[in-house]
Each structure stands twice: as C-alpha cells, then as structure tokens.
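# Working through the structure, step by step
Here is what each chain is made of, one letter per residue.
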Amino acid sequence: MNEKKGKKQLILQTFSLLAGFMVWTLLAPLFPEIVKDIPEAADHRALIVALPVILGSVLRIPFGILANKMGGRIIFLFSFIFLLVPVFYLSIATTPADLMISAVFLGVGGATFSIGVISLPKYYPKEKHGFVNGVYGMGNIGTAVTSFGAPALALFFNGWQSAVQTYLVILAFFAIMQFVLGDRNEKKVNLPLAKQFKEVAKDYKFYFFNLWYFITFGAFVAFGLFLPGFLTDEALFNLSTIDAGIRTAVFIVIATVLRPIGGMIGDRFNALHALTITFVGLALSGLLLAFTYNVIILFTIGCLLTAVCAGIGNGLVFKFVPTYFSKQAGISNGFVAMMGGLGGFFPPIVIDQTHNLTGSYAIGFILLSLFCLISLFTMFYMNSNLKKNQLVSE
C-alpha cells in the first residue's frame, strides 16, 4: 500500500466525482427554465429528471468491475470524454424526446461513483477504508454545485442552453487531469466474476447493505432531484429558481459534508449501532415531512434532519461493504452503489404519482419512514447474528 500516492489519487478522484455528479444532476435545477422553451416537457418532468438515475445506477456494477481490472484513471477518462456528447445534445434540445435521450446518457456521470470506492481502498489499510470512502463520497457535493450554479449560469448567460455548454469545459478539464495525473500503475484485480457473485449472493448481509444504501443514498439523490421542482411549485411555496437552488444546495452540502464523518464513526465505534440510530432519525424525518410539507419552516427542519441522517448513513454503509466483502469488492460495491442510485430514481416518481392520485404528498414521505422501519428490523437481526457468532467463536 502507498498512502502518499493514495492521497494524491484521493484528491483527484474526489474532484472527478464532483464533476461527474455536476453533470449527472444537471437537468433538475434547470428544468423550470427548460419548460419555458419546451413547455410540453412539463408533463414529463418527474420522468425526465429521474431518467439519469437509471443508467447512473445500472452502470455502477460494470464500472466497479472495470475499475478493479483496469484502474480508476482509464474509466474516469473515458467517462468524461463520453459525457461530452449527451451534454452537448442537451444544450441543443428542442423536444421532450431530446431531453429524455440526453437525460439517459447523463447517467454516466452518476456511475462514476463506483470508480473511487473500488480504486482508492487499494492504497490504504482496512481500518481507514470508512474514512477514505467518506472523503471520496464528498464528491457528491457536485450536485449542490449544480443546484445553485446551473440556475445562476442560466441567469448570467440569459439562457439555459449556454449554462449547459459551460459543462463541456468542465468535462474536458477533468479528462485532461485524469490523463495527466491519474495513476497508470494502480494495482489491478481480476477475480472471476462468477466466483465473486456466488460468494456474496449467499451472504444475507449483502442484501441488507443493498437495502440500507437504497434508502440513505436514495434519499440524498431523490431530495436533490425533487426539491427544485417542489419548492418552485406555485401551489406550494412558489419560490424562485435561484432560491430553490440555494435551499437544495444546502441540503446536499450538509449530507455530503457529514458523509466522511459517518465513515469515521464507523471506523471508531460500532457501525451497526450508529446506523440504527441514524435510521430512527430518518424515519422520524419522513413522518415530519408527511404532515408538514406545506409549512415552510417545519418542512425545512424535516429536510435538514433527512440531510443529516442520510449523510451519516451513506458513510456508515460504505464502511460495511469493504469490511465484509474485501475480496469481492468489484461486484459488491457495484451492486450496493447501483441500489443507492435506484433509490434516488423511484421516490420522485412515487411522490408525483401518489400526489396525482390523492392530492397529497404525505404518502410518499410516509413510505420513507416505512422503509426505514423495515431496515431497523434487519439491523436487529444482523446484530443478533453477529453476537451469536461471537459467542460460538469464543
């Protein structure tokens, strides 16, 4: 292990993830501006905004596997080069179909998350993996940069198309940075995929980790996508695009900054007990939001509590994965990361559809609490099993 080289790659890959997430969530904060030019897109808002999450989630499995085999540098490099195409296509979009096509392929930006969680632990001992993955996860703040920056750029350039095109420069810059500074000699791991999958598939903890990250990272992504449209809704708070962007950015920054703290907590204390407390808080935040979503002060408190719990929870979950599946890192990290991404895809659509059916947003937030309660039962089960195994080993 080479921690000195690891520090350099940690900085480079964290900022590269930031760039990837900036692109991944580009549509949501700009959508209020986009519908002014493409009004028929308003009928497909929930789908268009959520579409990047699909590819960004599914590709996390092959991205994790490829990062293990080829190293982080080459996967980041080709990801940024590829993203130039959908970003440019988005900037010239004139129909909802154009938006959907570009939205799907923007998902590559979200898939880059799997690169660092596979690549970076190779440089550090196991007792630092929680912190390292937590620091890398701070690249999630790219969603906050876009939530605030994209509407501001659209205002500055007097058009959302020019704002989108500035992202071409960002992608080109980070492609060059990876080409020049990326580690060409990163340790490559090439374990048979069938063997890796067989080993993780028979372990119940693998499914629990997928569920927990589906909720914690899913909440992070879903709120980042959902809040800009929700806060600017004329029937609710009717905030300006800039104001909504700032509030969304605050949510994202809090969740992102607390992620490495979650990893540090997992390194130093009982990670399972800490995650249990986190999920209790997340369940309470869902209930608070369900009954106060039309009261700005209480809604804000609920969102802030969600940000705190989701951020810490994200860091804690990725402490578990390398701890229990170090030999199957490529496949296990890829699956867990994918489930986190999918966790961000469904909530905006579910909330939108339940609102259309009932006229209320409460059910969508109650479902968050329900999933948290289910997860708490799985944590109690795992804690009980670990205690039994410890007694047997003694």
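Here's a quick rundown of the structure. (Residues numbered from 1 in each chain as written. Predicted model: local features only at pLDDT ≥ 70, side-chain atom pairs only at ≥ 80, totals over all residues. Heavy atoms only, no water.)

When its secondary structure is counted, the protein chain shows 18 helices and zero strands. Rg of the C-alpha trace for the protein chain: 20 Å, near the compact-globule value of 21 Å for 394 residues, within the 12% margin. Taking the principal axes of the C-alpha coordinates as reference, the protein chain spans close to 65 × 50 × 30 Å. Going through the 394 residues of the protein chain one by one, you find that 58% of them count as buried. Taking all contacts inside the protein chain whose residues are at least 6 apart in sequence as the whole, residues at least 24 apart take part in 85%. (Helix = DSSP H or I, 4+ residues; strand = E, 2+ residues; numbered from the N terminus. Rg over C-alpha atoms; globule rule 2.2 N^0.38 Å. Buried < 20%, exposed > 50% of the residue type's maximum accessible area, 1.4 Å probe, protein only. Contact = heavy atoms within 4.5 Å.)

A word on the layout of surface pockets. Empty space within the largest pocket amounts to approximately 490 Å³. The wall of the largest pocket is formed by 24 residues, among which Pro-32, Arg-45, Gly-229, Thr-232 and Asp-233 lie closest to the centre. Of all the elements in the fold, those that place two or more residues in the lining of the largest pocket are α2 (27-37), α3 (45-58) and α13 (204-232). Top element by residues in the lining of the largest pocket is α2. It accounts for six residues. Considering only residue class, the lining of the largest pocket consists of twelve nonpolar, five polar and seven charged. (1 Å grid on protein atoms, 1.4 Å probe; cavity = no way out; pocket = protein on both sides within 12 Å on 5 of 7 lines; lining within 4 Å. Points joined across faces, edges and corners; volume = space filled by probe spheres on them. Nonpolar A, V, L, I, M, F, W, Y, C, P; charged D, E, K, R; others polar.)

Residues Phe-148, Leu-155, Ile-242, Ile-246, Val-250 and Leu-304 make up a contiguous nonpolar surface patch of roughly 510 Å² in combined accessible area. Counting only elements with at least two residues in the nonpolar patch, the list comes to α10 (142-157) and α14 (241-268). Among the elements that take part in the nonpolar patch, α14 stands out by supplying three residues, more than any other. By the element assignment, Leu-155 lies in helix α10. (Patch = residues over 30% accessible without salt bridge, like charges linked within 9 Å, V, L, I, M, F, W, Y side chains within 5 Å. Areas by Shrake-Rupley, 256 points an atom, 1.4 Å probe, with all protein chains shown as cover. Salt bridge = Lys/Arg side-chain N within 4 Å of Asp/Glu carboxyl O.)

For any two aromatic rings, the description comes down to two numbers: the centre-to-centre distance and the angle of the planes. Scanning all chains against the criterion turns up 35 aromatic pairs. Here Phe-76 and Phe-80 contribute two aromatic rings whose centre-to-centre distance is 5.8 Å and whose plane-to-plane angle is 25°, an arrangement assigned as stacked. Here Phe-76 pairs with Phe-80, and both are found in helix α5 (residues 72-91), just four residues apart, close to one helical turn. Phe-76 sits in the buried class, given a relative accessible area of 0%. Residue classification places Phe-80 among the buried residues on the basis of a relative accessible area of 0%. With centroids separated by 5.1 Å and ring planes inclined at 80°, the aromatic side chains of Phe-156 and Phe-157 adopt a geometry described as edge-to-face. Given the relative accessible area of 36%, Phe-157 is considered partly exposed. Of the aromatic side chains, those joined through ring pairs into one cluster are Phe-223, Phe-226, Phe-230, Phe-237, Phe-251, Tyr-293, Phe-299, Tyr-361 and Phe-365. Stacked on the ring of Phe-179, the Lys or Arg Arg-184 has its end atom at 5.4 Å from the ring centre. (Phe/Tyr/Trp six-rings, centres within 6.5 Å; stacked < 30°, edge-to-face > 60°. Lys NZ or Arg CZ within 6 Å of the ring centre and 35° of its normal.)

Running from N to C, α2 and α3 point in directions that differ by 150°, and their axes come no closer than 10 Å. Classified by the angle their axes make, α2 and α3 are roughly antiparallel. Crossing hand, α2 versus α3: right-handed. Contacts between α2 and α3 pair Leu-27, Ala-28 and Phe-31 from the former with Arg-45, Ile-48, Val-49 and Pro-52 from the latter. Taken together, the residues that form the contact of α2 with α3 break down as six nonpolar, no polar and one charged. (Axes fitted to C-alpha atoms, helices over the stretch in contact; angles between N-to-C directions. Parallel < 35°, antiparallel > 145°, perpendicular 65-115°, else oblique. Left-handed = near helix turned anticlockwise from the far one by under 90°.)

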